[in-house]
Amino acid sequence: MAKGILIRSKASGGVTLVRSSMKHKMETGQRKNKKTGKKIPAHFIQVAKFEHNGKVVFTANLGPAVSKNPYVSFKFKGGNKGDTIKVSWVDNKGKSASGEDKIR
Amino acid sequence: MKRRLFLKGTLAGGAIAVAASAGLLIPRTVMAAWPKSAFEAKNIKDALNAIGGTSTATSSGKIKINAPEIAEVSAEVRITVDADMDNIDSISIIVEKNPSPLAAHFELGSGALGYVSTRVKMAKTSNVMAVIKAGGKLYSAKKEVKVTVGGCGG
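Residues numbered from 1 in each chain as written. Chains lettered and ligands numbered in written order. Predicted model: local features only at pLDDT ≥ 70, side-chain atom pairs only at ≥ 80, totals over all residues. Heavy atoms only, no water.

## A few points about the overall build of chain B
Heads up, the rule is: Strands here mean DSSP runs of E at least two residues long; helices mean DSSP runs of H or I at least four residues long; both are numbered from the N terminus. Surface accessibility follows the Shrake-Rupley procedure with a 1.4 Å probe radius. Residue values consider only the protein chains on display as shielding.
Check the secondary structure of chain B and you find 3 helices and 9 strands. Listed N to C, the secondary structure of chain B is α-α-α-β-β-β-β-β-β-β-β-β in terms of helices and strands. Of the roughly 8,400 Å² of accessible surface on chain B, a fraction of 54% belongs to carbon and sulfur atoms.

## So, unusual backbone geometry
A negative phi angle is the norm for most residues apart from glycine, just as the trans form is the norm for most peptide bonds. One non-glycine residue, N69(A), lies in positive phi territory at about 50 degrees. One non-glycine residue, N87(B), lies in positive phi territory at about 50 degrees. Within the secondary structure layout, N87(B) lies in the loop between β4 (77–83) and β5 (88–95).

## What about the sheet that holds strand β2 (residues 63–66) of chain B?
Each strand in a sheet pairs with its neighbour through backbone hydrogen bonds, running either in the same direction (parallel) or in the opposite one (antiparallel). Selection criterion: A strand pair is defined by DSSP finding two or more bridges across the two strands. Only the contacting stretch of a helix is used when fitting its axis, a line to C-alpha atoms as for every element, and angles between N-to-C directions run 0 to 180 degrees.
Read from one edge to the other, the open sheet built from 6 strands follows the order β1(A)-β2(A)-β5(A)-β7(B)-β4(B)-β2(B), with strand pairing classed as antiparallel. In the strand order of this sheet, the two ends are held by β1 (5–12) of chain A together with β2 of chain B, each with one partner. Taken pair by pair, the neighbouring strands of this sheet meet at an average axis angle of 15 degrees, ignoring direction.

## Quick notes on the pairing of strand β8 (residues 126–134) of chain B
Residue and element names in this part refer to chain B. Note the cut-off: The buried label applies to any residue whose accessible area, calculated with a 1.4 Å probe on protein chains only, is under 20% of its type's maximum; exposed applies above 50%, and partly exposed to all values in between.
With 7 of 9 residues buried, β8 is to be regarded as a mostly interior element. Note: β5 against β8, 7 bridges, orientation antiparallel. Bridge pairing in β8 links S90 to K133. Sheet topology places β8 next to strand β9 (residues 137–147); 9 bridges connect them, and they run antiparallel. Bridge pairing links N127 to E144 in β9. Taking the residues that link successive antiparallel strands as the turn, the β8-β9 hairpin has 2 residues, and the phi of G135 there is positive, at about 55 degrees.

## A few points about the interface of chain B and chain A
The cut-off we apply is this: Here, two residues are considered to be in contact whenever any of their heavy atoms come within 4.5 Å of each other. Here the quantity called buried area is the accessible surface, traced with a 1.4 Å probe, that two parts lose on coming together, added over both. Salt bridges are defined as contacts in which a side-chain nitrogen from Lys or Arg sits within 4 Å of a carboxyl oxygen from Asp or Glu. Polar contact is defined as a pair of N or O atoms within 3.5 Å, subject to the rule that within protein one atom must be able to donate a hydrogen and the other to accept it, and that residues adjacent in sequence are counted only when both atoms are side-chain atoms. Classification used: nonpolar for Ala, Val, Leu, Ile, Met, Phe, Trp, Tyr, Cys and Pro, charged for Asp, Glu, Lys and Arg, polar for all others including Gly.
Contact residues are listed per partner, giving 35 residues for chain B and 36 residues for chain A. Roughly 2,800 Å² of surface becomes buried between chain B and chain A when both sides are summed, with 56% attributable to carbon and sulfur atoms. Counting every contact that joins chain B to chain A gives 0 salt bridges. Summed over the shared surface of chain B and chain A, the number is 20 residue pairs in polar contact (both at pLDDT 80 or more). Put simply, the parts of the chain that give the side of chain B that touches chain A at least two residues each are β4, β6 (102–108) and β7 (112–120) of chain B. Per element, the largest residue contribution to the side of chain B that touches chain A is 8 residues, and it comes from β7(B). Considering only residue class, the side of chain B that touches chain A consists of 22 nonpolar, 8 polar and 5 charged. Here 4 bridges tie strand β5 (residues 71–77) of chain A to β7(B), and the two strands are oriented antiparallel to one another.

## Details of the packing of aromatic side chains
Operational definition: A pair of aromatic rings is counted whenever rings of Phe, Tyr or Trp (Trp by its six-membered ring) have centres within 6.5 Å, and the orientation is called stacked for planes under 30 degrees apart, edge-to-face for over 60 and tilted otherwise. Each ring is checked for a lysine NZ or an arginine CZ that lies within 6 Å of its centre and within 35 degrees of its normal; such an atom marks a charge sitting over the ring.
For the structure shown, the criterion picks out 7 aromatic pairs over all chains. Centre to centre, the rings of F50(A) and F58(A) are 6.1 Å apart; their planes meet at 65 degrees, and the pair counts as edge-to-face. The two residues F50(A) and F58(A) agree in class, both being buried. Centre to centre, the rings of F58(A) and F74(A) are 4.2 Å apart; their planes meet at 0 degrees, and the pair counts as stacked. Residue F58(A) is located in strand β4 (residues 55–62), and its partner F74(A) is located in strand β5; the two are separated by 16 residues in the primary sequence. The burial state of F58(A) is the same as that of F74(A); both residues are buried. Every member of this aromatic cluster is reached through a ring pair, and the members are F50(A), F58(A), F74(A), F76(A) and F106(B). Taking NZ or CZ as reference, K75(A) lies 4.2 Å from the ring centre of Y115(B), over its face.

## What to know about the layout of surface pockets
All names here are of chain B. Spelled out, the test is: Computed over the protein atoms alone on a 1 Å grid, cavities are sets of points where a 1.4 Å probe fits but cannot get out and pockets are open sets with protein on both sides within 12 Å along at least five of seven lines; a residue lines them when it has an atom within 4 Å of a point. Grid points are joined across faces, edges and corners, and a volume is the space filled by probe spheres set on the points.
Within this model, the second largest pocket holds a volume of roughly 280 Å³. If you go around the second largest pocket, you meet 16 residues; those closest to its centre are M85, D86, N87, A112 and L113. If one sorts the elements of the lining of the second largest pocket by residue count, β7 sits on top with 4 residues. Split by residue class, the lining of the second largest pocket holds 7 nonpolar, 4 polar and 5 charged.

Just geometry here; none of it tells us what the structure is for.
Okay, structure coming up:
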């Protein structure tokens with residue numbers, strides 16, 4: 001489990017609910033450094049891909065208006081207890097991280 | 001074609017290609033096409049055009065937006081979209097009065113249902129729009145969220 005990524009999935013009645021949060025400052029690029037008056041450059045997650053047993057089920061394209069430590073939740077049909085749900089993100093500076101968990 | 005934009009685009013593309021070939025972008029599947037022009041659009045019309053190739057979105061009662069009437073913390077406004085529709089390609093969340101209205105654009109793979117929940121920042125009181133792309137058409141719903149400054153009602 002990668003640091004800073006929380007992902008929990010629960011299957012019930014044939015539908016899996018996935019909830020995740022990814023640690024990231026999500027800097028908008030519009031804030032100014034109070035001391036220097038210079039704009040703080042934008043730094044935010046752009047794409048977070050969710051895979052169910054290796055197959056992409058959901059792709060979140062995020063802009064800088066998404067809150068700090070983005071929370072994303074979605075549902076999909078299918079999915080059984082013990083299946084793997086994985087999330088991988090990449091930000092606008094090319095940094096990336098991933099985390100996974102089993103469906104409960 | 002705006003020459004300046006085009007040049008910028010090629011430069012950015014070049015930088016990504018260099019980074020990719022250097023093996024810096026490991027999970028390569030993650031590097032899907034982030035819809036840059038949609039996120040950089042300064043008005044809703046341009047954002048919709050970039051997402052769906054049309055700026056006409058039909059209002060639909062099948063889309064429900066769950067958001068607070070009054071947001072006390074404007075940096076974290078929980079928005080949930082629940083749509084009772086089939087064959088949805090994507091769900092977009094638009095905050096009308098933000099400097100760049102498009103906040104998030106979710107692409108649904110096979111099996112994914114018309115549901116998404118996330119948190120967004122809001123510059124001021126504004127309509128929040130959920131736009132769904134299904135069968136090549138856009139459908140939308142709106143809800144106003146009041147943003148209080150200083151947390152004293154308003």
